[in-house]
Amino acid sequence: ILLEEALGLLPEVEIDIQTPCGHFNGCQIPGVEQLCAISIMRAADCMLGALRNIFPAVAVGKILIQRDEATATPQLMYTKLPSQLSHRHVLLLDPMLATGGSCIAAIKVLIEQGAAEDRIIFISVLSCNDGLNAVHAAYPRVRIVTGAVDPILNEKKYIVPGLGDFGDRYFGTE
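Scoring rules and cut-offs
- Residues numbered from 1 in each chain as written.
- Predicted model: local features only at pLDDT ≥ 70, side-chain atom pairs only at ≥ 80, totals over all residues.
- Heavy atoms only, no water.
- Helix = DSSP H or I, 4+ residues; strand = E, 2+ residues; numbered from the N terminus.
- Rg over C-alpha atoms; globule rule 2.2 N^0.38 Å.
- Buried < 20%, exposed > 50% of the residue type's maximum accessible area, 1.4 Å probe, protein only.
- Contact = heavy atoms within 4.5 Å.
- Areas by Shrake-Rupley, 256 points an atom, 1.4 Å probe, with all protein chains shown as cover.
- Lys, Arg positive; Asp, Glu negative; His and termini not counted.
- Charge placed at Lys NZ, Arg CZ, Asp CG, Glu CD.
- Axes fitted to C-alpha atoms, helices over the stretch in contact; angles between N-to-C directions.
- Parallel < 35°, antiparallel > 145°, perpendicular 65-115°, else oblique.
- Left-handed = near helix turned anticlockwise from the far one by under 90°.
- Nonpolar A, V, L, I, M, F, W, Y, C, P; charged D, E, K, R; others polar.
- Salt bridge = Lys/Arg side-chain N within 4 Å of Asp/Glu carboxyl O.

Peer 1: Sorry, what's going on with the overall build of the protein here?
Peer 2: Helix and strand counts for the protein come out as five helices and 11 strands. Computed over its C-alpha atoms, the radius of gyration of the protein comes to 17 Å, within 12% of the 16 Å expected for a compact globule of 174 residues. On the principal axes, the C-alpha backbone points of the protein span a range of 65 × 30 × 30 Å. The buried share of the protein, taken over its 174 residues, is 39%. Here the contacts in the protein between residues at least 6 apart in sequence split such that 59% fall between residues at least 24 apart. In the form shown here, the protein has an accessible surface area of approximately 9,400 Å², with 53% of it arising from carbon and sulfur atoms. Counting 13 positive and 19 negative side-chain charges, the protein places the averaged centre of each group 6 Å from the other.

Peer 1: Looking at this structure, I do not really get unusual backbone geometry. What am I missing?
Peer 2: A negative phi holds for most residues other than glycine; trans holds for most peptide bonds. We note that glutamine 84 has phi near 55 degrees; this positive angle belongs to a residue other than glycine. The phi angle at lysine 157 is positive, at roughly 70 degrees, despite the residue not being glycine. When you line up the elements, lysine 157 lands in the loop between β10 (152-153) and β11 (159-160).

Peer 1: When you look at the packing of helix α3 (residues 101-112) against helix α4 (residues 129-138) in this model, what are you seeing that I'm missing?
Peer 2: Two elements in contact, α3 and α4, have axes separated by 9 Å at closest approach and are oriented at 25 degrees. When the axis of α3 is compared with that of α4, the two are roughly parallel. Of the two possible hands of crossing, α3 and α4 adopt the one that is right-handed. Of the residues in α4, those touching α3 at Cys103, Ile104 and Ile107 are Ala134, Val135 and Ala138. In terms of residue class, the contact of α3 with α4 is built from six nonpolar, no polar and no charged.

Peer 1: Which parts of the structure should I look at to understand the pattern of salt bridges?
Peer 2: Where charged atoms from two side chains of opposite charge come close, those side chains can pair. Using the criterion set out here, one finds three salt bridges in the structure. As a salt-bridge pair, lysine 108 and glutamate 112 come within 3.4 Å of each other at their nearest N and O atoms. Here the residue lysine 108 and the residue glutamate 112 both occupy positions in helix α3, the gap between them amounting to four residues, near one helical turn. Its relative accessible area of 46% is what places lysine 108 among the partly exposed residues. The shortest N-O distance in the salt bridge between arginine 141 and glutamate 117 comes to 3.6 Å. Here glutamate 117 lies in the loop between α3 and β8 (120-128) and arginine 141 lies in the loop between α4 and β9 (143-150), a separation of 24 residues in the sequence.

Written out as structure tokens, the structure is:
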């Protein structure tokens, strides 16, 4: 459902279609050649599978950012991105938005590689006000789609009440 909401934010182009029963004025969103999905590894890989069910041929990129547990700051470890980001709408996937640090670091990488800020849509399952505010302050033209917003972060910078470690829970490595 979150992915469908995000796809609804893509620009539409009016098209005329001739059906067997008559003429229809419709619209379409950009094709897969104008889209890419970037997952912040590893937790977002579950979201990537759902997106590929909708767009099997979508170009995929990966960004690995690990959080330093002592400082709660993001550490960029790995990137592999599709070509021509400047010509694509980017669906950036990460199920949790806590402090915003990983999201901000990922957006920075995308922009450095040519993505336009206003063509990035960040999609998360659960967010916190702190993270939403931080991302908006750093990149106000990035649009965010989230399933829920929890109110606070605890002293370890985990979302409260939250879900725990999404990746560990999803992949059974808790």
